[in-house]
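# Structural overview
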Amino acid sequence: MTMRYYSTNHNSDSVTLRDAVVRGLAPDRGLYMPEHIRRLPDSFFSKIDGMSLQEISYVVADAFFGEDIPADELKRIVYETMSFPIPARKVDEDIYSLELFHGPTLAFKDVGARFMARLLGYFNRNSKQLVNVLVATSGDTGSAVANGFLGVEGVHVYVLYPKGKVSPIQECQFTTLGQNITAVEVDGVFDDCQSLVKNAFMDADLGAAMKLTSANSINVARFLPQAFYYFGAYAEMKRAGKADNLVVCVPSGNFGNITAGLFGVRMGLPTKRFIAANNANDIFYNYLKTGKYSPKPSVQTLANAMDVGDPSNFARVLALYENSHEAICAGISGAAYTDEQIKETLREVYMRTGYLMDPHGTCGYRALREQLLPGETGVFLETAHPAKFKEKVDAIAGGDVEIPARLQEFMKGTKQSVPVSRNYQDFKNFLLGEVR
């Protein structure tokens, strides 16, 4: 019996994995959730420290997708996705950095984007209709998705990004590719980009004219694979003899990343608790304190990928915890930091240890340093290579971050983008003009 996926708004029928991936968003504007989350056996966790990251990831993937995809195909998709290391580097005696920047675009979203590209390619392999992927980005999502889907037959990607609000290197990573990638430069903030994408899915005219899906973390194929590296982190810490009383801290923007970790907990991942680290966009942090979810316009910060004022995946967090504020607070604590606090911490850690973090990982490190209890070990997610924020990081740390060769190649390209206002009708007209 295959897995079914329901909408968090509960006003749409449940669907198959294929439908959930191709649609992206449910007809009632809800996010798809698997009806069941399978718990992995104790035997898996007892031997996990002797397994490779690819082997671990396949076991986790099989629990989600094994009934819907033949084993050989799923193994191929997983092994191709997880073809780079994700090490845990010691920063302090009890704090480790999970380095998620060793993939093609040097950001954590390479995992979800590469998996989704391969899964969508598998589902669309016999279709003659072009699939148009819409993705809103506040930084790294655009580059990861664009590069994950680059050259994939039968798929065209539109990357919507806020004008002037992503780093120059991030912008190069998705505006210089061409081929089946179109960069759309929106005169607004990330939330405007996300709103344009969501409205497009609900538009009957567009739906009739072109086949649309999303590659943001609202898509189950983008966020669920992110669970892989939480299990990989546990294996790393078990090998280091530090797996007991493990606390995981996630720099959080749209909340897809931490939601994947919380799915891991439901699957039996032995963690003590999670911390969601925010920047000045502290909507979730305020929810934890008050029990009230109050979205507000995002503000621009040093940690731009977390500049989200209405995190989509909060709906999934509520669904996981059955709308219980008390249960959420029992499993997740929060933190929020200003740009000045981020600068102060990034600089202090670099001067003291020589370890250079990016602004997002810095939020995760600081939350652990402030909230870890005696006997606990903390792992924070270092979500992107600091060179992706070179101008900011150099100014803060007083150094000269070396730009990896892969980033340098992106910077040699010529920017190609289409300017669009944040008005939905303008965006709709642009897409209708693109129908091919």
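Since this is a predicted model, take the numbers as computed values, not measurements.

We now examine the environment of Ile-95. Checked against the element boundaries, Ile-95 lands in strand β4 (residues 95-99). With a relative accessible area of 2%, Ile-95 lands in the buried category. Along the backbone, Ile-95 and Ser-214 are 119 residues apart, and their C-alpha atoms lie at a distance of 35 Å. Beyond its immediate stretch of four places on either side in the chain, Ile-95 contacts Arg-89, Lys-90, Tyr-365, Leu-368, Arg-369, Leu-372, Gly-378 and Phe-380.

We now examine the side chain of Thr-176. Tracing the sequence through the fold places Thr-176 in the loop between α7 (168-175) and β7 (181-187). Among the polar contacts listed, one links the side chain of Thr-176 to the backbone oxygen of Cys-172, at a separation of 2.6 Å.

Let us look at the sheet that holds strand β3 (residues 88-92). The strand order across the open sheet built from six strands is β3-β4-β12-β9-β10-β11, with neighbouring strands paired in mixed fashion. Two strands close off the open sheet at either side, each with one partner strand: β3 and β11 (332-336). Going across the sheet, the axis of each strand differs from the next one's by a mean of 25°, ignoring polarity. Of the strands in this sheet, β9 (246-251), β10 (273-278), β11 and β12 (377-382) are in contact with helix α12 (residues 256-266), which crosses β10 at around 175°.

Attention now goes to the packing of aromatic side chains. If you walk through the whole model with that rule in mind, you get 21 aromatic pairs. Ring geometry for Phe-255 versus Phe-284: centroids 4.7 Å apart, planes at 50°, classification tilted. Placement of the pair is Phe-255 in the loop between β9 and α12 and Phe-284 in helix α13 (residues 283-290), with a sequence separation of 29 residues. For the pair formed by Phe-255 and Phe-284, the shared burial category is buried. Here the aromatic cluster, defined as three or more aromatic residues joined through ring pairs, consists of Phe-64, Phe-65, Phe-115, Phe-223, Phe-228 and Phe-263.

For the rest of this paragraph, the subject is the pattern of salt bridges. Within this structure, the stated rule accounts for 26 salt bridges. Glu-185 is the partner of Lys-415 in a salt bridge, and the nearest nitrogen-oxygen pair spans 3.3 Å. With Lys-415 in the loop between α19 (405-411) and β13 (417-421) and Glu-185 in strand β7, this residue pair connects regions lying 230 residues apart in the sequence. For Glu-185, a relative accessible area of 11% gives the class buried. Measuring nitrogen to oxygen at the nearest pair gives 3.7 Å for the salt bridge that ties Asp-192 to Arg-422. In this pair, Asp-192 sits in helix α8 (residues 190-201) while Arg-422 sits in the loop between β13 and α20 (424-434), placing the two residues 230 residues apart along the sequence.

This brings us to the packing of helix α3 (residues 53-65) against helix α11 (residues 228-239). The interhelical angle for the contact between α3 and α11, taken along N-to-C directions, is 130°, at an axis separation of 9 Å. Here α11 runs oblique to α3, going by the angle between their axes. Where α3 crosses over α11, the handedness of that crossing is right-handed. Residues Leu-53, Ile-56, Ser-57, Val-60 and Ala-61 of α3 form the contact with α11, whose own contacting residues are Phe-228, Phe-231, Gly-232 and Ala-235. Of the residues assigned to the contact of α3 with α11, the class counts are seven nonpolar, two polar and no charged.

Inspection of the secondary structure assignment puts Ser-324 in the loop between α14 (314-320) and α15 (325-331). On the basis of relative accessibility, which here comes to 25%, the residue Ser-324 falls in the partly exposed class. Ser-324 sits 33 residues away from Gly-291 along the chain, and the two C-alpha atoms are 9.2 Å apart. Here the side chain of Ser-324 touches Ala-327 through a polar contact of 3.0 Å, landing on its backbone nitrogen.

Another aspect to go through is α12. For α12, the tally of buried residues reaches nine of 11 residues, placing the bulk of the element in the interior. A positive backbone phi angle near 105° is found at Gly-268, which sits one or two residues after α12.

Although it is not a glycine, Asn-245 sits at a positive phi angle of roughly 55°. Relative to the helices and strands, Asn-245 is located in the loop between α11 and β9. Relative accessible area serves as the criterion here: at 38%, Asn-245 is assigned to the partly exposed category. Even without glycine at this site, Phe-255 takes up a positive phi of about 70°. Residue Phe-255 is classed as buried on the basis of its relative accessible area, which comes to 4%.

The next subject is the packing of helix α5 (residues 109-123) against helix α6 (residues 140-149). Put simply, α5 and α6 touch, their axes get as near as 8 Å, and they point 35° apart. Crossing of α5 against α6: the hand is right-handed. For the pair formed by α5 and α6, the contact residues are Lys-109, Asp-110, Ala-113, Met-116, Ala-117 and Leu-120 on the first element and Asp-140, Thr-141, Ala-144, Val-145, Gly-148 and Phe-149 on the second. Residue composition of the contact of α5 with α6, by class: seven nonpolar, two polar and three charged.

Procedures and definitions
Residues numbered from 1 in each chain as written. Predicted model: local features only at pLDDT ≥ 70, side-chain atom pairs only at ≥ 80, totals over all residues. Heavy atoms only, no water. Helix = DSSP H or I, 4+ residues; strand = E, 2+ residues; numbered from the N terminus. Buried < 20%, exposed > 50% of the residue type's maximum accessible area, 1.4 Å probe, protein only. Contact = heavy atoms within 4.5 Å. Polar contact = N/O pair within 3.5 Å; in protein donor to acceptor, adjacent residues only side chain to side chain. Pairing = 2+ DSSP bridges. Axes fitted to C-alpha atoms, helices over the stretch in contact; angles between N-to-C directions. Phe/Tyr/Trp six-rings, centres within 6.5 Å; stacked < 30°, edge-to-face > 60°. Salt bridge = Lys/Arg side-chain N within 4 Å of Asp/Glu carboxyl O. Parallel < 35°, antiparallel > 145°, perpendicular 65-115°, else oblique. Left-handed = near helix turned anticlockwise from the far one by under 90°. Nonpolar A, V, L, I, M, F, W, Y, C, P; charged D, E, K, R; others polar.

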